[in-house]
Amino acid sequence: METITIYLDNAATTPLTDEVKQYIIKLLDQFANPSSLYEAGQLNRQLINQARKTVAQFIHANAKDIFFTPSGCASNTLATHIVTNNSFTCNYYYSPTAHKSILHAMESVKSLAFDLKVDHKGFIDISYLDNLLTKHQFISSIPIVITEYANSEIGTIQDVKSIIDITHKHHGICIVDCTGSIPSIPVDVKQLQADIITFSGHKLHALKGCGVLYKKTSIQLSPLIYGSQEQGICAGTENILGIASLRKALEHYNYSSIQSFNRDYVWNYIKSNIPNTYLVGATIESNKRLPNNLYLCFKNIDGDSLMMLLDLKGIQVSTGSACVSNDYQPSPTLTAIGMDKLDIHSCIRISFSGKETINELNFICEAIYTAVETLRNLH
């Protein structure tokens, strides 16, 4: 009997498309160092240059402002390395629901870092931010505001344009982590007037090991990794396959496939048939939730056990961000939004590809219902 496999953890990583797979196979013998001056090296240099242009077009930027890094985490860490003149320092104001790479970076500058307020849905308090930066104007420091465009764990989409505008009103710099949002929401850095954005290629059907950082030309960053590549701020012999795979993935990327129908279909079934269950994060009705994201709390069960029962049925989900799933400490995001401590470990995250069939959606609904009933009957 054929085993059914339904992958519903696209927020953690995405599979390679057939186009990307075939393209990578063709490149496997192009191993030359792109810094070498002979022809094979320069052919690889051209691959990097072409990828840089493609990424720039994808986010409406200039190619010279695009930098490749080893990962989204590396991009986030590099983004915090802002250089000021001798008269100023940096004070950081960051979202408490930010990715762990940001939270850990802020620990390293603890005396200069201040977390923002979020509500129980995960939205940053815009008025609080404005008031905080108003007080900041009396300090000889540049305010650096750090936010995620959308939280890939609970699906909440921030009012990023307002956050950027408020930051600029107070002569600050805004860093926007787009890793969780860019698979679903196109980014136009010129329209946003974004200072720095970051994202990771493997969320867009490229290979792992390729992150992207965009920064305005006027912003100077100190090196994350010393050397000569990437204008000296993130050095190391380039990951040719990763960078080239991102180019190919973006050339074929189709935002129209990321719709909310599959998410809503499953959610409507669950809320009608499985009691004591609720949605964590922004509501469906608000249109401020990632279209492929469901983060669900099934009260009085263990989320890990539910995940494993679904896995036995061939359905792959997660209990939250992949970066915290191996850590039984409460998720920083769930803690920040004030979620009931008894419920924190009773959740699963479902992130759809948009390609699931109706038969698959019905199978998912029935499997969740059966698994939840099984676990609740154990009590």
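Let me begin by describing the structure that accompanies this report. (Residues numbered from 1 in each chain as written. Predicted model: local features only at pLDDT ≥ 70, side-chain atom pairs only at ≥ 80, totals over all residues. Heavy atoms only, no water.)

**Regarding the packing of helix 1 (residues 18–27) against helix 8 (residues 240–251)**
For step 1, the next point in the chain: Contact geometry of helix 1 with helix 8 gives a least axis separation of 9 Å together with a crossing angle of 145°. Crossing of helix 1 against helix 8: the hand is right-handed. Together, E19, V20, Y23, I24 and L27 of helix 1 and L241, A244, S245, R247, K248 and A249 of helix 8 make up the contact between the two elements.
For step 2, the next point in the chain: Taken together, the residues of the contact of helix 1 with helix 8 sort by class into seven nonpolar, one polar and three charged. (Axes fitted to C-alpha atoms, helices over the stretch in contact; angles between N-to-C directions. Helix = DSSP H or I, 4+ residues; strand = E, 2+ residues; numbered from the N terminus. Left-handed = near helix turned anticlockwise from the far one by under 90°. Contact = heavy atoms within 4.5 Å. Nonpolar A, V, L, I, M, F, W, Y, C, P; charged D, E, K, R; others polar.)

**Quick look at unusual backbone geometry**
For step 1, the next point in the chain: The backbone of H60 shows a phi angle near 60°, a positive value even though the residue is not glycine.
For step 2, the next point in the chain: Mapped onto the elements of the fold, H60 is located in the loop between helix 2 (39–59) and strand 2 (66–69).
For step 3, the next point in the chain: Phi is positive for H171, which is not a glycine, with a value near 60°.
For step 4, the next point in the chain: Taking the relative accessible area as the measure of exposure, H171 reaches 69% and is therefore exposed. (Buried < 20%, exposed > 50% of the residue type's maximum accessible area, 1.4 Å probe, protein only.)

**Concerning helix 5 (residues 126–136)**
For step 1, the next point in the chain: Of the residues making up helix 5, those classed as buried are L129, D130, L132, L133 and H136. Taken down its axis, helix 5 places every buried residue within 165° of arc, on the same side.
For step 2, the next point in the chain: By the N-cap criterion, in which a side-chain oxygen at the helix start approaches the backbone nitrogen of a residue two or three places on, helix 5 is capped by D125, the distance to S127 being 3.2 Å. (Arc of directions from axis to C-beta. Polar contact = N/O pair within 3.5 Å; in protein donor to acceptor, adjacent residues only side chain to side chain.)

**Considerations on helix 8**
For step 1, the next point in the chain: In a regular helix each residue adds 1.5 Å, so twelve residues correspond to 16 Å; helix 8 covers 17 Å between its end C-alpha atoms and thus fits that length.
For step 2, the next point in the chain: Counting buried positions over the twelve residues of helix 8 gives ten, a clear majority of the element.
For step 3, the next point in the chain: Lining the buried residues of helix 8 we find helix 1, helix 2, strand 2 and strand 8 (211–215). (Expected span 1.5 Å × (residues − 1).)

**Looking at the packing of aromatic side chains**
For step 1, the next point in the chain: Applying the stated criterion across every chain yields a total of five aromatic pairs.
For step 2, the next point in the chain: When the ring of F261 is compared with that of Y265, the centres are 5.9 Å apart and the planes differ by 40°; the resulting orientation is tilted. Of this pair, F261 and Y265 are both found in helix 9 (residues 261–273), four residues apart, which corresponds to roughly one turn of the helix.
For step 3, the next point in the chain: Here Y265 falls in the partly exposed class, since its relative accessible area comes to 27%. (Phe/Tyr/Trp six-rings, centres within 6.5 Å; stacked < 30°, edge-to-face > 60°.)

**Some words on the sheet that holds strand 6 (residues 173–177)**
For step 1, the next point in the chain: Across the sheet, which stays open at both edges, the seven strands sit in the order 2-8-7-6-5-3-4 with mixed pairing between neighbours. The sheet terminates laterally at strand 2 and strand 4 (113–115), the two strands that pair on one side only. Neighbour to neighbour, the strand axes of the sheet diverge by 20° on average, direction disregarded.
For step 2, the next point in the chain: Here five bridges tie strand 5 (residues 141–148) to strand 6, and the two strands are oriented parallel to one another. Considered in strand 6, the bridge of I144 is made with I173.
For step 3, the next point in the chain: Contacts from helix 4 (residues 100–107) reach strand 3 (89–94), strand 4 and strand 5 within the one sheet, and its direction differs from that of strand 3 by about 140°.
For step 4, the next point in the chain: Sheet strands touched by helix 5: strand 3, strand 4 and strand 5. Its angle to strand 5, the strand with the most contacts, is close to 165°. (Pairing = 2+ DSSP bridges.)

**Side note on the pattern of salt bridges**
Between side chains of opposite charge, a pair can form when the charged atoms approach closely.
For step 1, the next point in the chain: Overall, the coordinates contain eleven salt bridges when judged by the stated rule.
For step 2, the next point in the chain: The closest approach of N and O atoms between E238 and R45, which form a salt bridge, is 3.2 Å. Here E238, found in the loop between strand 8 and helix 8, pairs with R45, found in helix 2; they are 193 residues apart in sequence, far enough to count as distant. In this structure, E238 and R45 share a single accessibility class: buried.
For step 3, the next point in the chain: The closest approach of N and O atoms between K216 and D195, which form a salt bridge, is 3.0 Å. Of this pair, K216 sits in the loop between strand 8 and helix 8 while D195 sits in the loop between helix 7 (189–192) and strand 7 (196–200); the two residues are 21 residues apart in sequence, bridging distant segments of the chain. (Salt bridge = Lys/Arg side-chain N within 4 Å of Asp/Glu carboxyl O.)

**Overview of the sheet that holds strand 12 (residues 347–351)**
For step 1, the next point in the chain: Spatial ordering of the open sheet is given by 9-10-12, a layout of three strands whose pairing is antiparallel. Every other strand in the sheet has two partners, leaving strand 9 (277–279) and strand 12 as the edge strands with one partner each. Across the sheet, the axes of successive neighbouring strands diverge by a mean angle of 25°, strand direction being ignored.
For step 2, the next point in the chain: Sheet topology places strand 9 next to strand 10 (residues 293–298); three bridges connect them, and they run antiparallel. Counted as the bridge partner of Y278 is C297 from strand 10.
For step 3, the next point in the chain: Across the sheet, helix 10 (residues 303–312) is in contact with strand 10 and strand 12; its angle to strand 12 comes to roughly 45°.

**Some words on the nonpolar core**
For step 1, the next point in the chain: One finds I59, F68, I182, I197, F199 and L246 to be the most contacted residues of the largest nonpolar core, which totals 64 residues.
For step 2, the next point in the chain: The leading source of residues in this core is helix 2, at seven residues.
For step 3, the next point in the chain: Setting aside chain neighbours within four positions, we find F68 in contact with I48, A51, R52, V55, C210, G211, V212, E230, C234, I243 and L246.
For step 4, the next point in the chain: I6, L306, I315 and C365 belong to the second-largest nonpolar core, a separate cluster that totals 27 residues. (Core = buried A, V, L, I, M, F, W, Y, C linked by side-chain atoms within 4.5 Å.)

**Let's talk about the packing of helix 2 against helix 8**
For step 1, the next point in the chain: Packing of helix 2 against helix 8 leaves a shortest axis separation of 9 Å and a crossing angle of 40°. In terms of their interaxial angle, helix 2 and helix 8 are classed as oblique. Between helix 2 and helix 8 lies a crossing whose hand is left-handed. Taken together, the residues of helix 8 that come into contact with helix 2 (itself represented by N44, L47, I48, Q50, A51, T54, V55 and F58) are I240, I243, L246, R247, L250 and E251.
For step 2, the next point in the chain: Among the residues making up the contact of helix 2 with helix 8, the classes are represented as nine nonpolar, three polar and two charged. (Parallel < 35°, antiparallel > 145°, perpendicular 65-115°, else oblique.)

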